[in-house]
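A closer look at the structure
Here is what each chain is made of, one letter per residue.
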Amino acid sequence: MSEDRFETLAIHAGQDPDPTTGAAVVPIYATSTYVQQAPGVHKGYEYSRTDNPTRTALQTQIAALEGVDLGADGGCIATASGLAATALIGYLLEPGDRIVLPDDAYGGTFRLIAQVLSRHGIKWTAADLTTAEGIAKALTPDTKLVWVETPTNPLLRVVDIAMIAEAAKSVGAMTVVDNTFATPYLQQPLSLGADMVVHSATKYLGGHSDTVGGAIVTNDAGLLEQLRYLQNATGPIPGPFDSYLVLRGIKTLGVRMDRHCTNAAAITDFLVNDPRVEHVWYPGLATDPGHATASLQMSGYGGMVSFTPVGGLAAANALVTRTRLFFLAESLGGVESLIEVPASMTHLSVEGTDLEVPESLVRLSVGIEHVDDLISDLDRALG
Ligand SMILES: *Cc1c(COP(=O)(O)O)cnc(C)c1O
């Protein structure tokens, strides 16, 4: 299997025909328990909080796509949501340990660390991880985890994963990369030195805005075992139907990401040349500060584009209610295009902190509709 390429692994890794029926598609194993031949003698499954075959297939698929050597000890843990994955990683830490996170982290990640993990004695520092000075200043001897998002949400800053992983290692800290925006199709953080990859499978992996899920991937057998223990002990698992939806979504990840990337590039081109637009953030722009690093560590620039319209917050609020194809909604990564104002929607929890974003910032999750229709929609809505 390991010589197979990405698109092939997406369809075949973990997805052998069902051994009992020959079903070509992994069944939804809707069962909580498994019959044992004698006490403790069974076919590898005992209880579905611990393991379920639909979830196992999904885990093998995601691990293969993140470049884990399936013959070795690494692997994936599928979780109930992206934040469930983040919480499990939080349980690895002890009171007094510190997490360094980006100063424009996903709002929910920031809330979990600053409001919940902090109550259990975990300390945190928000820092600019886009520069070597930024990470050097933030790292302290008590730092156990450096949390990386790249591209970041919603400002699409690019973080040099190899540079951060090396800096983190120098103080004995682990590096976690939230790979939700890039997906393993565009970026494989484990190969750049990261210890763990986290996903909100709700987004591009699932890809159809019809389920919530998450995942953690690692090449480290010890970490995998601890995380499996913690998941079984605390319970944040995806059900078999949700596992199936993500498994099915991922089969088309490569073709979807190709289209997300080309559509986003064309929309960026439209926006930068439009006088009604003040500033555009997209790592594919040659003028973007993250362009050089993105070009080195990514094989494409993704489907997320942010911009500020001329006219400030009033213009942004008017724009997002006028689009027809771009739905005004939170979330991202689905086949349908979405538009939102992060400061008043997804990033409310970071208001007044270091992580605050411009109030008139508009974030697009560019879908895979015909790009001319999407551009017409924005053109009309800009008024
Ligand atoms: C959505 C998201 C999360 C959280 O995932 P859920 O599935 O909503 O729990 C984490 N990180 C990023 C970058 C996200 O976009």
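In this text, all values refer to a predicted model and were calculated from it rather than measured experimentally.

**Thoughts on the overall build of the protein chain**
- Helix and strand content of the protein chain: 13 helices and twelve strands.
- Since a compact globule built from 383 residues should have a radius of gyration of about 21 Å, the 21 Å found for the protein chain is in line with a globular shape.
- Judged by the C-alpha coordinates and their principal axes, the protein chain covers about 75 × 50 × 35 Å.
- In the protein chain, buried positions account for 54% of the 383 residues.
- When contacts within the protein chain are restricted to residue pairs at least 6 apart in sequence, those whose partners lie at least 24 apart make up 71%.
- Carbon and sulfur atoms make up 54% of the accessible area of the protein chain, which totals about 15900 Å².
- In the protein chain, 23 positive and 43 negative side-chain charges are present, and the distance between their average locations comes to 5 Å.

**Observations regarding the site of the ligand**
- In the vicinity of the ligand, the contacting residues are Ser81, Gly82, Leu83, Tyr106, Asp178, Thr180, Phe181, Ser200, Thr202, Lys203, Gly213 and Leu332.
- Between Lys203 and the ligand, the recorded distance is 2.7 Å, taken from a side-chain N or O atom to an oxygen atom.
- Considering the ligand on its own, with 380 Å² of exposed area, one finds that the protein chains cover 91% of that surface.
- Looking at the shell around the ligand residue by residue, the classes come out as four nonpolar, six polar and two charged.

**Brief notes about unusual backbone geometry**
- Note the cis peptide between Thr150 and Pro151, where omega equals -5°.
- Following the sequence through the fold, Pro151 ends up in the loop between strand E4 (143-149) and helix H6 (161-170).
- Cis geometry marks the peptide bond from Asn153 to Pro154, where omega comes out at 5°.
- Note that Pro154 resides in the loop between E4 and H6.
- Positive phi outside glycine occurs at Thr183, with the angle close to 65°.
- With respect to the helices and strands, the residue Thr183 is situated in helix H7 (residues 183-186).
- By relative accessible area, which is 1% here, Thr183 ends up buried.
- The backbone of Ser209 sits at a positive phi, close to 50°, despite the residue not being glycine.

**Re the sheet that holds strand E7 (residues 214-218)**
- What the seven strands build is an open sheet, ordered E1-E7-E6-E5-E4-E2-E3; its pairing is mixed. Lying at the two open borders of the sheet, with one neighbouring strand each, are strand E1 (75-79) and strand E3 (123-127). Across the sheet, the axes of successive neighbouring strands diverge by a mean angle of 20°, strand direction being ignored.
- Across five bridges, the pairing between strand E6 (residues 196-200) and E7 is antiparallel. Within the sheet, the bridge partner assigned to Ser200 lies in E7 and is Gly214.
- Where helix H3 (residues 82-90) meets the sheet, it contacts E1, E4, strand E5 (174-178), E6 and E7, and its direction lies at approximately 150° from that of E6.

**Quick notes on the environment of Thr56**
- The topology assignment puts Thr56 in helix H2 (residues 53-65).
- Here the alpha-carbon distance between Thr56 and Glu359, two residues 303 residues apart in the chain, equals 42 Å.
- The residues touching Thr56, leaving out its near neighbours within four places in the chain, are Tyr45 and Asp51.
- Reaching out from Thr56, the side chain makes a polar contact with the side chain of Tyr45 at a distance of 3.1 Å.

**Some thoughts on the packing of helix H10 (residues 253-272) against helix H13 (residues 371-381)**
- Where H10 meets H13, the closest approach of the two axes is 10 Å, and the angle between their N-to-C directions is 35°. Our pair here, H10 against H13, has a crossing hand that is right-handed. Across the interface between the two elements, Asn263, Ala266, Ile267 and Phe270 from H10 touch Val371, Leu374, Ile375, Leu378 and Asp379 from H13.
- Residue classes in the contact of H10 with H13 are distributed as seven nonpolar, one polar and one charged.

**Brief notes about the packing of aromatic side chains**
- What the rule picks out here adds up to four aromatic pairs.
- Relative to Trp124, the ring of Phe110 lies with its centre 5.4 Å away and its plane at 90°, an arrangement referred to as edge-to-face. Within this pair, whereas Phe110 is found in helix H4 (residues 107-116), its partner Trp124 is found in strand E3, the two being separated by 14 residues in sequence.
- The class for Phe110 is buried, based on a relative accessible area of 4%.

What counts, and where the lines are drawn
Residues numbered from 1 in each chain as written. Predicted model: local features only at pLDDT ≥ 70, side-chain atom pairs only at ≥ 80, totals over all residues. Heavy atoms only, no water. Helix = DSSP H or I, 4+ residues; strand = E, 2+ residues; numbered from the N terminus. Rg over C-alpha atoms; globule rule 2.2 N^0.38 Å. Buried < 20%, exposed > 50% of the residue type's maximum accessible area, 1.4 Å probe, protein only. Contact = heavy atoms within 4.5 Å. Areas by Shrake-Rupley, 256 points an atom, 1.4 Å probe, with all protein chains shown as cover. Lys, Arg positive; Asp, Glu negative; His and termini not counted. Charge placed at Lys NZ, Arg CZ, Asp CG, Glu CD. Near = heavy atom within 4 Å. Polar contact = N/O pair within 3.5 Å; in protein donor to acceptor, adjacent residues only side chain to side chain. Nonpolar A, V, L, I, M, F, W, Y, C, P; charged D, E, K, R; others polar. Pairing = 2+ DSSP bridges. Axes fitted to C-alpha atoms, helices over the stretch in contact; angles between N-to-C directions. Left-handed = near helix turned anticlockwise from the far one by under 90°. Phe/Tyr/Trp six-rings, centres within 6.5 Å; stacked < 30°, edge-to-face > 60°.

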